[in-house]
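# Commentary on secondary and tertiary structure
Listed below are the residues making up each chain.
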Amino acid sequence: MSLDPVTLQVLVGALRAACDEMGAVLIRAAFSPNIKERHDCSTALFDSAGELVMQAEHIPVHLGSMPDAVAAVLEEEQRPGDLWILNDPYRGGTHLPDITLIAPVFASSGLLGFAASRAHHADVGGPTPAGMPAYSTTLDEEGVVIPPTRVDAEGLAELAAQMRRPRERRADLLAQRSAIAVGERRLRELVDRHGEAELREGMAEILDYAERRTRARLAELPDGSWSAEDVLEGGHDGSEDVVLRVKATINGDELRLDFAGTAPQVAGNLNCPLSVTKSAAFFSVRAMVDPDAPPSAGAHRPIEVAAPEGCLLHARPPAAVAAGNVETSSRVADLVISALADALDVPAQGQGTMNNLTLAGEDWTYYETIGGGQGACPHTDGPSAIHVAMSNTLNTPIEALETDLPLRVRELGVRRGSGGGGRSRGGDGIVRELEALAPMRFTWIAERRRHAPAGRAGGEDGEPGRDSLNGEALPSKVEGELRPGDRLRIETPGGGGLGRADP
């Protein structure tokens, strides 16, 4: 049986629409601002072999690593009505606040595939609110670790009870379950409409089609090897450089990304499980090589990712990973794009950080990432004050923030002039100043405070970020207390410029 091109595109559109609808249900049913306002969540559909068939264009660091989450339950017995949950970074997760739910979907002849949803929860238990400590050294210090586990409604409630604001945690988990139910329903409707055999064939062909497109584009690029090096701002306060290296080799229609030479895993929480490293690598290649190919695992098949076990990008348990998912993944994306700069046109470096802010009071927790300036592109300026790359979330609206939390937003605007100059200018960052109206604890994890986002081809570097508490400068990793009236000011980096400006 061979699908004609029209039927294939109909199935691509139907599966993409199903994933988008799953995401809409999750966002609208969620309770926490982190999901309902910032959209820090992702949804996807998989075939019976656990390959990613289709995803909504949500959070790249979630989606590229979700196949490892499905792989973690693939060998278990699957039964109609099963629901799996996990967040263990070393068994398919990313970092502990990202909780994944997975359900098998059955047709008349057996297992058809899986529906999955992943969301960043505002808390995941543990000693530090929101599961994003600045100074953690082991995974257990970051929250409740959930191995791949069958779960029901009672089990979800029991897990939520181990976390802060359990009613909100349970409501968000139930929103994830509702999103999965939509995915299951849409797959069964496609079986009714096209027949089970045609749908299975269609899912296989979508994977093959994405692979063919990616291979064709790689084959157009010159063969060769190129290397890149960059640093993270590690150590207790971000004052130590941690080196990352990659060698990109194109050979015909295949690409190998070898991260040998990267620093060993560190005592802090910048470490990455390999699933996160692969996620950032896959995202970077797709964005540069063929962003219009169906967003499926087929596009990953021509790409080999290698990182020595025990290095920062292939950490061993029980290493802490809270910042690895958000900050190190951003640097991996920068690194891969830089390595490919001699093979194709790429942008200058963007802000390269998610600017992670956690706030918590007596009975509430809040987490957000903050956008910034993105790198200039070969033919246009970089966008300003926006989330892209591994984050791709929204900001929390002032109205929602001030309604739900004891905070006042004193300033929110574009950080004018922070983008690097050039033939194309880098985008500008964001200024966000918050005033505490009650006692609260804060955690701050960021990058690009000592090292500016680099310009490219003669373009100027963007401005590094800078942050302060009541006018006193803060390091890029810090925890502390806010009293009523304290003001936390965040100025995110601008993007690098590209090309020399005309005289």
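Attention here is on the structure that accompanies the text.

Here is what the cut-offs are and how they apply
- Residues numbered from 1 in each chain as written.
- Predicted model: local features only at pLDDT ≥ 70, side-chain atom pairs only at ≥ 80, totals over all residues.
- Heavy atoms only, no water.
- Disulfide = S-S within 2.5 Å.
- Buried < 20%, exposed > 50% of the residue type's maximum accessible area, 1.4 Å probe, protein only.
- Helix = DSSP H or I, 4+ residues; strand = E, 2+ residues; numbered from the N terminus.
- Expected span 1.5 Å × (residues − 1).
- Contact = heavy atoms within 4.5 Å.
- Polar contact = N/O pair within 3.5 Å; in protein donor to acceptor, adjacent residues only side chain to side chain.
- Pairing = 2+ DSSP bridges.
- Right-handed = clockwise from strand over helix to strand, strands pointing away.

Once that is clear, we can look at the state of the cysteines. According to the stated counting rule, one finds 0 disulfides in the structure shown. Looking at C311, it has no disulfide partner, and the nearest cysteine sulfur is the one in C272, 9.2 Å off. In this structure C311 comes out as buried when scored by relative accessible area, which is 4%.

Following the sequence through the fold, T277 ends up in helix α8 (residues 274-289). Separated by 237 residues in the primary sequence, T277 and D40 have C-alpha atoms spaced 19 Å apart.

This part takes up helix α1 (residues 5-29). Compared with an ideal rise of 1.5 Å per residue, which puts 25 residues at 36 Å, α1 spans 36 Å between its outermost C-alpha atoms and is within 8% of the ideal. Those residues of α1 that sit buried are T7, L8, L11, V12, A14, L15, A18, C19, M22, G23, L26 and I27. Where α1 is buried, its residues contact α2 (33-36), β1 (41-47), β2 (52-55), β5 (110-120), α6 (166-194) and α7 (196-220). For α1, the N-terminal cap is D4; the gap from its side-chain oxygen to the backbone nitrogen of V6 is 3.1 Å.

Glancing now at the sheet that holds strand β14 (residues 429-436). Adjacent strands of a sheet pair through backbone hydrogen bonds, lying either parallel or antiparallel. Across the sheet, which stays open at both edges, the 5 strands sit in the order β13-β14-β19-β16-β17 with antiparallel pairing between neighbours. Looking along the sheet, the strands with just one partner apiece sit at the ends: β13 (407-415) and β17 (472-473). With 5 bridges connecting them, β14 and strand β19 (residues 487-491) associate as antiparallel partners. Of the residues in β19, the one forming a bridge with E433 is R489.

Attention now goes to the pairing of strand β9 (residues 254-258). Residue alternation in β9 divides its side chains into a buried set, L255 and L257, and an unburied set, E254, R256 and D258. Two elements, strand β8 (residues 240-251) and β9, share 5 bridges in a ladder whose sense is antiparallel. Pairing of I250 across the sheet is with L255, part of β9. With antiparallel pairing between neighbouring strands as the criterion, β8 and β9 make up a hairpin whose turn holds 2 residues, including G252 at a positive phi of roughly 65°. Bridge analysis of β9 against strand β10 (residues 303-306) gives 4 bridges, and the strand direction is parallel. The residue bridging L255 from the neighbouring strand is I303, located in β10. Running through α8, the crossover from β9 to the neighbouring parallel element β10 is right-handed.

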